[in-house]
Amino acid sequence: MQIIGSDREFRRQADPAHDISRKFLRPAAKSSPGTGLPPEETGRGRIPQATPEKGNSVALSVSYGERYGWTVVQVAGEVDISGVAALRERLQRLVTDGCLRMVVDISRVDFCDSTGFAVLVATRRMLSSRDGQLRLVLPGPEVHTRKILQLFGIERIFDVHDSVDDALADLREPLLTADAAETAEVAEAVPRPREGTHAAAD
């Protein structure tokens, strides 16, 4: 697989008081500040690992690659007003560059406010206008970030999944079937010794 690239946008100092969703919906205890993305299988290659810059306790990182012909975008960290512009720019650029079948994996996002949700909605509309598709991978059912997104109606608006494998399952199965059929054809093409014949003795 050819890796397309990797971007990071790190949180700037900002007063969160003006953000209603952050003020009222943010959990009392934060999740682990580590936001490095572990290597993820992406067809023929791996999405590169992204880690926060030294001196920044929380980072928004975006990594992307290709899997089964779909662009897989992995987002980690905090998607809030201080870093949402970088995510918006990256997703819009991917769409304008012709990536019209996209999986956005936000399962490692520690926090997402209304501005981040708006970016996802805008990306969906942008893809729909070009006959594209968007699938989302959400955090686990008990994760606070998912509960916030459920308040926004994310499961009603988007095609949501629990993992990248789940999101691309309908693409993986036909490929496995095709590979099995090709293997069977090769096996049938190999000549077999006739029954009752023996190799000539030296």
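Since the model is a prediction, treat every value here as computed from it, not as a measurement. (Residues numbered from 1 in each chain as written. Predicted model: local features only at pLDDT ≥ 70, side-chain atom pairs only at ≥ 80, totals over all residues. Heavy atoms only, no water.)

### Here we look at the overall build of the protein chain
A tally of helices and strands in the protein chain yields seven helices and eight strands. Buried positions account for 38% of the 202 residues belonging to the protein chain. Summarising the internal contacts of the protein chain: among those between residues at least 6 apart in sequence, 73% fall at separations of at least 24. Carbon and sulfur atoms form 51% of the exposed surface of the protein chain, whose accessible area is close to 11,700 Å². (Helix = DSSP H or I, 4+ residues; strand = E, 2+ residues; numbered from the N terminus. Buried < 20%, exposed > 50% of the residue type's maximum accessible area, 1.4 Å probe, protein only. Contact = heavy atoms within 4.5 Å. Areas by Shrake-Rupley, 256 points an atom, 1.4 Å probe, with all protein chains shown as cover.)

### As for the pairing of strand β4 (residues 59–67)
Among the nine residues of β4, eight are classified as buried, and the element is accordingly described as predominantly covered. Where β4 lies against strand β5 (residues 70–79), seven bridges are found, and the strand directions are antiparallel. Paired with Ser61 across the bridge in β5 is Ala76. Linking two consecutive strands that pair antiparallel, namely β4 and β5, is a turn of two residues; a positive phi of about 55° is found at Tyr68 within it. (Pairing = 2+ DSSP bridges.)

### Overview of the packing of helix α2 (residues 84–96) against helix α3 (residues 114–128)
The N-to-C vectors of α2 and α3 enclose an angle of 10°; their axes lie 10 Å apart at closest approach. With respect to α3, the axis of α2 lies roughly parallel. Touching Val84, Leu87, Arg88, Leu91, Gln92, Val95 and Thr96 of α2 are Thr115, Gly116, Val119, Thr123, Met126 and Leu127, all from α3. Class assignment for the residues of the contact of α2 with α3 results in seven nonpolar, five polar and one charged. (Axes fitted to C-alpha atoms, helices over the stretch in contact; angles between N-to-C directions. Parallel < 35°, antiparallel > 145°, perpendicular 65-115°, else oblique. Nonpolar A, V, L, I, M, F, W, Y, C, P; charged D, E, K, R; others polar.)

### Here's the deal with the nonpolar core
Val73, Val75, Met102 and Val104 are the most contacted members of the largest nonpolar core, which has 29 residues in total. For this core, the secondary structure elements donating two or more residues are β4, β5, α2, β6 (101–112), α3 and β7 (133–137). Top contributing element to this core by residue count: α3, with six residues. Core analysis: the next-biggest nonpolar cluster, separate from the first, contains seven residues, Trp70, Val72, Val103 and Val164 among them. (Core = buried A, V, L, I, M, F, W, Y, C linked by side-chain atoms within 4.5 Å.)

### Some points on unusual backbone geometry
Phi at Tyr68 is positive, roughly 55°, even though this residue is not glycine. Among the secondary structure elements, Tyr68 is positioned in the loop between β4 and β5. Given a relative accessible area of 30%, Tyr68 falls into the partly exposed group. Positive phi values are uncommon outside glycine, yet Asp131 reaches one of about 60°. Structurally, Asp131 is set in the loop between α3 and β7. Of the residues examined, Asp131 reaches a relative accessible area of 73% and is grouped as exposed.

### Some words on the pairing of β5
In terms of burial, β5 is largely enclosed, as ten of its ten residues are buried. Sheet topology note: the β5/β6 ladder contains eight bridges and is parallel. Paired with Gln74 across the strands is Asp105, a residue of β6.

### As for the packing of aromatic side chains
Per the counting criterion, the structure on display carries two aromatic pairs. Between Phe117 and Phe152 the ring centres are 5.2 Å apart and the planes differ by 40°, which places this aromatic pair in the tilted class. Note that Phe117 is positioned in helix α3 and Phe152 in the loop between α4 (144–151) and α5 (154–157), a separation of 35 residues in sequence. Residue classification places Phe117 among the buried residues on the basis of a relative accessible area of 11%. Ring pairs connect the aromatic residues Phe117, Phe152 and Phe158, which therefore count as one cluster. (Phe/Tyr/Trp six-rings, centres within 6.5 Å; stacked < 30°, edge-to-face > 60°.)

### A short note on the pattern of salt bridges
According to the stated counting rule, one finds seven salt bridges in the structure shown. Note that Arg146 is salt-bridged to Asp162, the shortest N-O span being 3.2 Å. Pair noted here: Arg146 is in helix α4 and Asp162 is in the loop between β8 (159–161) and α6 (164–167), with a separation of 16 residues, a long-range link. Note on Arg146: relative accessible area 8%, which makes it buried. Judged by its relative accessible area of 53%, Asp162 is exposed. Overlapping salt bridges bring together Arg135, Asp159 and Asp170 as one network. (Salt bridge = Lys/Arg side-chain N within 4 Å of Asp/Glu carboxyl O.)

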